[in-house]
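Results of the structural survey
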Amino acid sequence: YTNGATTFTWTGPSIVSGSNTGTVSVNGTGIYSYTATVAGCSSTGTVQIQSNAVYPSVTGTAPTTLNCTNTTVQAIATTTSTPVTYNWSGPSVTGGASTASASVNAPGTYNYTVTNTSSGCSTTGTVAVSQNTSVVTASTTASSSLNCTTTTAQIIATATASPVSYVWSGTGITSGAGTATINVNQGGTFNYTITNTSNGCRTTGSQAVSQNTALPSPTATSPNSITCTTTTVALNGGPAALTYTWSGAGISGGINSQNAVATAAGTYTLAVTGANGCTNTAVTTVGTNTTPPSATASLATAITCTSTSATLQGGPLAGVTYSWSGVGLTGATNQSTATITAPGTYTLVTTSTANGCTNTAVVTPTANLTPPQVSVVPDLTINCLTPTALLEGSSSTPGVTYAWTGPTAGNPAGSTPTNSTSVVNAAGNYTLTVTNPVNGC
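Here the structure is a predicted model, which is why all the values come from computation and not from measurement.

Regarding its fold elements, the protein presents zero helices and 46 strands. Taking 22 Å as the expected radius of gyration for a compact globule of 441 residues, we find that the protein reaches 71 Å, considerably beyond that expectation. Dimensions of the protein along its principal axes, counting C-alpha atoms only, are 250 × 45 × 25 Å. Buried positions account for 29% of the 441 residues belonging to the protein. In the protein, once contacts between residues fewer than 6 apart in sequence are set aside, the share between residues at least 24 apart is 48%. Within the structure as shown, the protein displays about 23400 Å² of accessible surface, and the carbon and sulfur contribution to it stands at 51%.

Structural data, given as structure tokens:
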């Protein structure tokens with residue numbers, strides 16, 4: 001009706017609102033009756049409400065657990081209803097929130113709503129996503145430090161989880177890089193990665209292995225040489241507080257001591273081993289000085305009738321000491337010269353002040369004591385007829401001098417004493433002395 005005021009009255013099983021209006025809201029099925037009245041005239045009718053409340057059947061699953069390898073999993077809502085729409089909510093939906101499969105990257109409860117678009121009916125539910133990201137707790141130990149004696153070491157990793165896998169890295173790994181225990185032959189830092197194979201979670205760390213291969217710094221010296229008086233010399237090694245081994249042809253003692261003794265010239269090697277087992281060597285050379293000095297001996301002055309002692313001259317004049325021997329020595333025997341009083345054999349021993357070596361020289365001086373030859377005329381007579389006499393002497397020894405003496409003091413009467421002849425005028429015994437100026441006899 002369009003003329004005048006119309007009133008409406010609705011009746012039915014599930015009227016929600018609008019029962020006195022032209023439009024009524026209901027929420028249940030059934031037959032709804034209405035009466036429309038205008039100007040006292042009424043008209044009635046019915047409306048049948050039928051139900052299309054089809055709810056989708058939904059199953060929610062999370063087939064995979066979050067872990068260190070699977071950082072994103074799918075929360076899945078499965079339904080056979082169609083057509084439907086999806087809506088996901090939860091702690092960390094990263095994709096697919098309006099699809100059947102939502103991507104999530106955090107554990108927790110994820111809610112889904114699946115709506116049948118033909119009926120508008122929705123089904124809700126939840127999917128629980130679990131997470132396993134427990135990491136491995138590990139500790140490592142090194143069996144020893146490396147040095148020149150200990151050339152390999154073990155590093156052992158101990159993990160609290162099982163099963164696990166191991167990966168080692170570092171310079172010097174000789175074996176076991178994929179196991180809990182590795183063998184190494186160099187010092188340094190060795191890195192490990194231990195993976196929990198049940199969830200892919202990893203633990204990393206490192207273990208240091210120290211190495212001491214520093215060589216000692218040995219010294220070897222020999223301050224002296226082998227000489228005629230020094231038949232053994234010291235071999236001095238260093239530094240102190242190490243172990244020592246000397247080698248060489250003439251070692252007579254201390255082969256394992258810091259200082260050794262050598263009895264021959266040559267090269268000597270000292271091997272020094274430190275506390276870390278490392279060994280280094282030093283070399284010293286022992287020289288030899290056994291060259292004897294020179295030795296000379298000669299007669300400087302001879303024994304004669306006027307010189308009853310003679311001088312022996314020795315040499316060299318420097319760098320040696322002297323020792324004379326012989327039956328006719330008088331005075332000092334440790335000088336370069338010596339005095340003798342008789343002919344014979346005399347020996348000089350010279351000793352080098354540098355090396356103690358000796359040498360000898362021999363001199364055999366003779367005495368020049370031979371008197372000159374002399375002859376005189378036979379006995380003479382003086383008388384009144386021959387008041388003077390001529391004294392005549394001669395010598396076959398060249399260079400001699402003559403001297404006449406008479407029975408009275410002084411020169412013979414009328415004579416010159418140095419002449420081989422002399423004239424005398426008195427009787428008596430006259431003596432001619434002939435002297436060889438070479439030896440004074």
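This part covers the sheet that holds strand S15 (residues 138-142). Taken in spatial order, the four strands line up as S15-S17-S20-S19 in an open sheet, and their pairing is antiparallel. The two strands at the open ends of the sheet, each matched to only one other strand, are S15 and strand S19 (173-175). Direction aside, neighbouring strands of the sheet carry axes that sit 30° apart on average. Bridge analysis of S15 against strand S17 (residues 153-159) gives five bridges, and the strand direction is antiparallel. Looking across to S17, one finds that Ala-138 is bridged to Ala-159.

Take unusual backbone geometry next. The linkage connecting Thr-82 with the following residue, Pro-83, adopts the cis geometry, with an omega of -5°. Note on placement: Pro-83 falls in the loop between strand S8 (73-79) and strand S9 (84-89). With an omega of 0°, the peptide bond between Ser-162 and Pro-163 qualifies as cis. You will see that Ala-39, though not glycine, has its phi angle at about 55°, which is positive. Relative to the assigned elements, Ala-39 resides in the loop between strand S4 (30-38) and strand S5 (41-49). Judged by relative accessible area, Ala-39 falls into the exposed class, the value being 75%.

Strand order in this open sheet of three strands is S42-S43-S45, and the pairing throughout is antiparallel. Strand pairing shows two members of the sheet lacking a second neighbour, strand S42 (375-376) and strand S45 (421-424), which therefore form its edges. Two strands pair when backbone bridges link them, and S42 and strand S43 (residues 389-394) are joined in this way by two bridges, in the antiparallel orientation. Looking at S43, one finds that Ser-375 is bridged to Ser-394.

What follows is about the state of the cysteines. Disulfides are covalent bonds that connect the sulfur atoms of two cysteines. One pass over the structure, following the stated rule, counts four disulfides. Paired through a disulfide, Cys-228 and Cys-357 show a sulfur-sulfur distance of 1.7 Å. Residues Cys-228 and Cys-357 share a disulfide whose torsion about the S-S bond is about 85°; that sign makes it right-handed. Remark: Cys-357 occurs in the loop between strand S39 (346-352) and strand S40 (358-363) and Cys-228 occurs in the loop between strand S25 (226-227) and strand S26 (233-238); sequence separation between them is 129 residues. The class of Cys-228 is partly exposed, set by a relative accessible area of 37%. Residue classification places Cys-357 among the buried residues on the basis of a relative accessible area of 1%. The connectivity of the disulfide-linked cysteines in the protein, indexed sequentially, is 1-3, 2-5, 4-7, 6-8.

As a further point, take the pairing of strand S20 (residues 181-184). The alternating pattern of S20 places Ile-182 and Val-184 on a buried face and Thr-181 and Asn-183 on a face that is not buried. Sheet topology note: the S17/S20 ladder contains four bridges and is antiparallel. The residue of S20 that forms the bridge with Ile-155 is Ile-182. Pairing of S19 with S20 involves two bridges; the strand directions are antiparallel. Across the sheet, residue Ser-175 finds its bridge partner in S20, namely Asn-183.

Core analysis: the largest hydrophobic core is formed by 15 residues, its most contacted members being Ala-77, Trp-88, Tyr-110, Tyr-112, Val-114 and Val-129. Counting residues per element, the ones that place at least two in this core are S8, S9, strand S11 (101-104), strand S12 (108-116) and strand S13 (122-129). Apart from residues lying up to four places away in sequence, Val-129 is in contact with Ala-62, Leu-66, Val-73, Val-104, Ala-106, Pro-107, Gly-108 and Tyr-110.

Within the fold, Ser-395 resides in the loop between S43 and strand S44 (401-405). Given a relative accessible area of 19%, Ser-395 falls into the buried group. Polar contacts involving the side chain of Ser-395 include one to the main-chain amide nitrogen of Thr-397, which spans 3.1 Å. Excluding anything up to four places from it in sequence, Ser-395 contacts Pro-372, Gln-373, Val-374, Val-400, Tyr-402 and Val-434.

A word on the environment of Trp-324. On the secondary structure map, Trp-324 appears in strand S36 (residues 320-325). Of note is the side chain of Trp-324, whose polar atom sits 2.8 Å from the backbone oxygen of Gln-335.

Conventions we followed
- Residues numbered from 1 in each chain as written.
- Predicted model: local features only at pLDDT ≥ 70, side-chain atom pairs only at ≥ 80, totals over all residues.
- Heavy atoms only, no water.
- Helix = DSSP H or I, 4+ residues; strand = E, 2+ residues; numbered from the N terminus.
- Rg over C-alpha atoms; globule rule 2.2 N^0.38 Å.
- Buried < 20%, exposed > 50% of the residue type's maximum accessible area, 1.4 Å probe, protein only.
- Contact = heavy atoms within 4.5 Å.
- Areas by Shrake-Rupley, 256 points an atom, 1.4 Å probe, with all protein chains shown as cover.
- Pairing = 2+ DSSP bridges.
- Axes fitted to C-alpha atoms, helices over the stretch in contact; angles between N-to-C directions.
- Disulfide = S-S within 2.5 Å.
- Core = buried A, V, L, I, M, F, W, Y, C linked by side-chain atoms within 4.5 Å.
- Polar contact = N/O pair within 3.5 Å; in protein donor to acceptor, adjacent residues only side chain to side chain.

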